[in-house]
There are 2 protein chains.
Amino acid sequence: MATRSTAEAQRTGGRTDAASMRRANTGLILRHLRDQGGRSRARLAAETGLSKATMSTLIAELVERGLVVEGQPDRAGAVGRPGLTVTLDGRGVCGLGVEISVDYLSLIAVDLSGTVIRESTRPIDAANLPAADVIARVADLLGETLASLRSAGVRCVAITVAAPGFADSDTGIVRLASNLGWRDVALVDDLKQSLGQEVPPISAQHDAKLGAVAELAQLAGRDVEDLLYISGDVGVGGGIISGGQIMRGAKGSAGEIGHLPLDPAGRQCACGRRGCWETMVGLAAFLRLAADEADPVRNPGRPLEDRLRELHRRAEDGDERTLSALATVAEGLGAGVSILVDILDPLLVVLGGYFAWFEEWLIAPVADLVVERRLNPDTEVCRVVGSSLGLTSAARGGAHYSIDRVFQDPSVVSS
Amino acid sequence: MATRSTAEAQRTGGRTDAASMRRANTGLILRHLRDQGGRSRARLAAETGLSKATMSTLIAELVERGLVVEGQPDRAGAVGRPGLTVTLDGRGVCGLGVEISVDYLSLIAVDLSGTVIRESTRPIDAANLPAADVIARVADLLGETLASLRSAGVRCVAITVAAPGFADSDTGIVRLASNLGWRDVALVDDLKQSLGQEVPPISAQHDAKLGAVAELAQLAGRDVEDLLYISGDVGVGGGIISGGQIMRGAKGSAGEIGHLPLDPAGRQCACGRRGCWETMVGLAAFLRLAADEADPVRNPGRPLEDRLRELHRRAEDGDERTLSALATVAEGLGAGVSILVDILDPLLVVLGGYFAWFEEWLIAPVADLVVERRLNPDTEVCRVVGSSLGLTSAARGGAHYSIDRVFQDPSVVSS
DNA sequence: CCGAGTTAGTTCGCAGTTTGGCCTAATTCG
DNA sequence: CGAATTAGGCCAAACTGCGAACTAACTCGG
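Here the structure is a predicted model, which is why all the values come from computation and not from measurement.

## Some words on unusual backbone geometry
Residues apart from glycine generally show negative phi values, whereas peptide bonds are mostly found in trans.
Residues and elements named next belong to chain A.
So, point 1. The phi angle at D184 is positive, at roughly 50°, despite the residue not being glycine.
So, point 2. Tracing the sequence through the fold places D184 in strand β10 (residues 182–185).
So, point 3. With relative accessibility at 43%, the residue D184 sits in the partly exposed group.
So, point 4. For D345, which is not a glycine, the phi torsion comes out positive at approximately 50°.
So, point 5. Counting through the fold element by element, D345 comes out in the loop between α11 (320–344) and β15 (348–353).
So, point 6. By relative accessible area, D345 is classed as buried at 2%.

## So, the protein's contact with DNA strand D
So, point 1. Around DNA strand D there are 31 residues in total, and A:T54, B:K52, B:S56, B:R81 and B:L84 lie nearest to it.
So, point 2. Among atoms of DNA strand D positioned within 4 Å of the protein, sugar and phosphate together represent 72%.
So, point 3. Here a phosphate oxygen of DNA strand D and a side-chain polar atom of A:N25 are 3.1 Å apart.
So, point 4. The side chain of B:K52 places a nitrogen or oxygen atom 2.7 Å from a base nitrogen of DNA strand D.
So, point 5. Of all the secondary structure elements, the ones that give two or more residues to the surface near DNA strand D are α2 (18–36) and α4 (52–64) of chain A together with α3 (41–48) and α4 (52–64) of chain B.
So, point 6. Taken together, the residues of the surface near DNA strand D sort by class into 13 nonpolar, 10 polar and eight charged.

## Details of the domain arrangement of chain A
So, point 1. Splitting chain A by domain gives domain 1 (16–88), domain 2 (93–211 + 394–412) and domain 3 (222–387).
So, point 2. Here the C-alpha centroids of domain 1 of chain A and domain 3 of chain A sit 42 Å apart.

## Considerations on helix α11 (residues 320–344) of chain B
Residue pairs spaced three or four apart in an α-helix point in one direction, given the helix's 3.6 residues per turn.
Residues and elements named next belong to chain B.
So, point 1. Between its terminal C-alpha atoms α11 stretches 35 Å, which fits the 36 Å expected from 25 residues at 1.5 Å a residue.
So, point 2. Of all 25 residues in α11, 18 are buried; the element is thus mostly enclosed.
So, point 3. Directly after α11, the chain includes D345, whose backbone phi takes a positive value near 50°.

## Focus: the protein's contact with DNA strand C
So, point 1. The local shell around DNA strand C holds 31 residues, among which A:K52, A:S56, A:R81, A:G83 and A:L84 are the closest.
So, point 2. Sugar and phosphate atoms constitute 70% of the interface atoms of DNA strand C, taking the interface as everything within 4 Å of the protein.
So, point 3. In the environment of DNA strand C, a base nitrogen lies 2.7 Å from a nitrogen or oxygen atom belonging to the side chain of A:K52.
So, point 4. A:L84 has a polar backbone atom sitting 2.7 Å from a phosphate oxygen of DNA strand C.
So, point 5. Sorting the residues of the surface near DNA strand C by element identifies α3 (41–48) and α4 of chain A together with α2 (18–36) and α4 of chain B as the ones contributing at least two each.
So, point 6. With four residues, the single largest contributor to the surface near DNA strand C is α2(B).
So, point 7. Of the residues assigned to the surface near DNA strand C, the class counts are 13 nonpolar, 10 polar and eight charged.

## Remarks on the nonpolar core
So, point 1. By size, the foremost hydrophobic cluster in this structure holds 84 residues, and its most contacted members are A:I230, A:W277, A:F355, B:I230, B:W277 and B:F355.
So, point 2. Residue contacts for B:I230: discarding those within four places in its chain leaves B:V236, B:G237, B:I257, B:W277, B:V337, B:L340, B:V349, B:V350, B:L351, B:G352 and B:F355.
So, point 3. Listed in part, the 35 residues of the second largest apolar core include A:L96, A:L105, A:L141 and A:A163.

## Considering the UniProt feature "domain: HTH marR-type" (unreviewed entry) in chain A
So, point 1. UniProt records the feature "domain: HTH marR-type" (unreviewed entry) for residues 28–70 of chain A in the present numbering.
So, point 2. Strand forms 12% of residues 28–70 of chain A and helix 70%; the C-alpha atoms that close the span are 18 Å apart.

## Let's talk about the pairing of strand β5 (residues 104–111) of chain B
Residue and element names in this part refer to chain B.
So, point 1. When you tally the buried positions in β5, you get eight out of eight residues, the bulk of the element.
So, point 2. Residues Y104, S106, I108 and V110 point to one face of β5 and L105, L107, A109 and D111 to the other, with burial holding for every one of them.
So, point 3. For strand β4 (residues 93–100) and β5, the ladder comprises seven bridges, and the chain directions are antiparallel. Counterpart to I100 in the pairing with β5 is L105.
So, point 4. The turn joining β4 and β5, which pair antiparallel and follow one another in sequence, is formed by three residues.
So, point 5. Strand direction decides the pairing type here: β5 and strand β6 (residues 116–123), joined by seven bridges, are antiparallel. Bridge pairing in β6 links L107 to S120.
So, point 6. Linking β5 back to β6 in an antiparallel pair, the connection comprises four residues, with G114 at a positive phi of about 90°.

Rules used in this analysis
- Residues numbered from 1 in each chain as written.
- Chains lettered and ligands numbered in written order.
- Predicted model: local features only at pLDDT ≥ 70, side-chain atom pairs only at ≥ 80, totals over all residues.
- Heavy atoms only, no water.
- Helix = DSSP H or I, 4+ residues; strand = E, 2+ residues; numbered from the N terminus.
- Buried < 20%, exposed > 50% of the residue type's maximum accessible area, 1.4 Å probe, protein only.
- Near = heavy atom within 4 Å.
- Polar contact = N/O pair within 3.5 Å; in protein donor to acceptor, adjacent residues only side chain to side chain.
- Nonpolar A, V, L, I, M, F, W, Y, C, P; charged D, E, K, R; others polar.
- Domains from an automatic or database assignment.
- Expected span 1.5 Å × (residues − 1).
- Core = buried A, V, L, I, M, F, W, Y, C linked by side-chain atoms within 4.5 Å.
- Contact = heavy atoms within 4.5 Å.
- UniProt positions renumbered as here; feature names shortened; annotations may be inferred.
- Pairing = 2+ DSSP bridges.

Right under this line is the structure:
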């Protein structure tokens, strides 16, 4: 069986040498500290299977690189010499994620422990600007952030750009992003050009895939390896995590779930077909169901958050029309989710985007439908939850995807 | 991001030591020889990135273990000392796969180069026998085969049993196999008990997943890492290969594609829902469409192969009813396949089971539907082909899955 | 207050692995 | 037949992780 090369294998071209060994083991320790929390060298050795001697030298290297610190005594009061707790301390390094959306650019930086250390959002009218201008704004935002991080003494290890469309993660070219009107835009190369030589590696990824990464990071240490993230926007996108890895697909477009043909007699979709899932549960469908055209919540000039807030208030107030719209969306959502659950068998389904805003009315009915339609009544059914990450989950996922390099290979951050 | 432990990491509990390093590198060489064919040490060293010195010692180990042989001179006629071609020669080791089907047991053994060295099929009426009796017959078949292999000097490195249902690959328990009437059967443990101590490791896997593995093995070296296999039997099952790995899912049931609700007004399905995909394109549906109840092809007493052969003849003869049934099945098949292609983005869709028997009438219409429904007209569309492996693909996949251990870690075969 | 017992972490020699350089072997070319 | 070229083996060097011995720091019981 062929095996897609991992980050580690790529560095050496598939072979394993002494340096790979060390990289793999330091990465293992770092991941263990992230997932299980700080602990003594002795415990780390016992839990990872490495010897105490090796642990000492590897921890020394990680301290040297500024990725962990020695802290308070462990097990105070217990018999024997107390161990010194080793804790993740990656305040000196960070990963960056930028999301290019139709109406805003959003940037997030997280440090090694997953803490958000920079966050900014800028409105933009991406659909009506040439791609070059949008990229220039992204470059500006990145340039400023990098400068600010540099002066704060924080190194950025990688940048991941979330693009709302088919992004070829090898070449960094966005093949097609219909909401932006993009086609074959060399996003990564253009950004590299604008930012100059001294810039961390940049990659591009589909936004929903990064949303899934963000949710996975949120659950770090809880042994979730199979997860489906569904982004609810004008389009409906999916990010699939299988066995702890993002599912790419042959052309990088796995997870395109917005066009499930669920209603043969349904409305015309932008893709040309009829009755696609997103014509039933996408943001446009919800707004159409919930309000008349003249209603301010359907005014595309107003910020989306305001309009959603207003609709949320109406739902809380028991407005019939809003509640019925939510019920309709929930039904369509449940139908699609239960199909996906059958095929993909995730442990967890996370509803993001606007779905998360209305989780009080959407989650329960969707979860019920999944239970009702499950095939094997014995097995535990997968959970359905709303995302808690808001509208910036793709940027956050990009940041986590970036910082993940360090957990795969701590030597990327030079001491 | 959590990463499901690989076979290699499992051996050492996640850490990497010198022995892991050697295992990884010998495995790399073996896979390279399998995928790229025999070649000299010098070429191997250049292509894998290992040094010539290392290559010498590792090849020596592989020769010692009886997995490769030195053969004819390479590059005869060219300038310089000709290299000796090193070739895979695993005639001394094999992997075993057994498929438990409703009406037959099927066993296949493949050696290291993928050649089938044992093949046998026994009829069985599995649905009307207690699980214990079925397992006893499987144990008989395995016992005889193992004895025969032993006397031929061939070592069996592992056994993989294809079960037609939810199989927990960790515990070896078949949770639910509705066609057999099985529920929580400790398949692997019972087999181990029957076969005694001196037996290779046994594992159980869903049959469609192993079908996908068989197809992947068929394509070894052709850089296919994302593949969808669809088995057409009474039920319709799927096996997903993503990034070169079988997609398991959280509970091991990823790929359950038979119950896509494609026709809300459709027929009642055995699962309790209505209009599931397999009620449209499963074997039962095809037979129902193609012949009256009294027709001998619908007599469940006759061997399935005979009945399919008869229907194939009718289709070749241009029989209206048969052709119209095939057209209907093709339409339903295309609808489902294009959904799956959207979600999973495979490079290749392989239709197995009875679909493969009728590929002349099914492939083209299905492929056309996939093309017609694709989302992004720029990208190359995925190919749809019929399986060439016949009804034994699950057993074959099990055999390949078994022998794959050696490619991951050649040290499993002791010299 | 003190010694025994216990646990943490370091040091050091050892075994295993890959590597680069050097050598020999085998072939072609002129 | 000698020069050039390529393959493959051998060996010391560098690096890794490991086990054992050792030191350090603490608790417990008398």
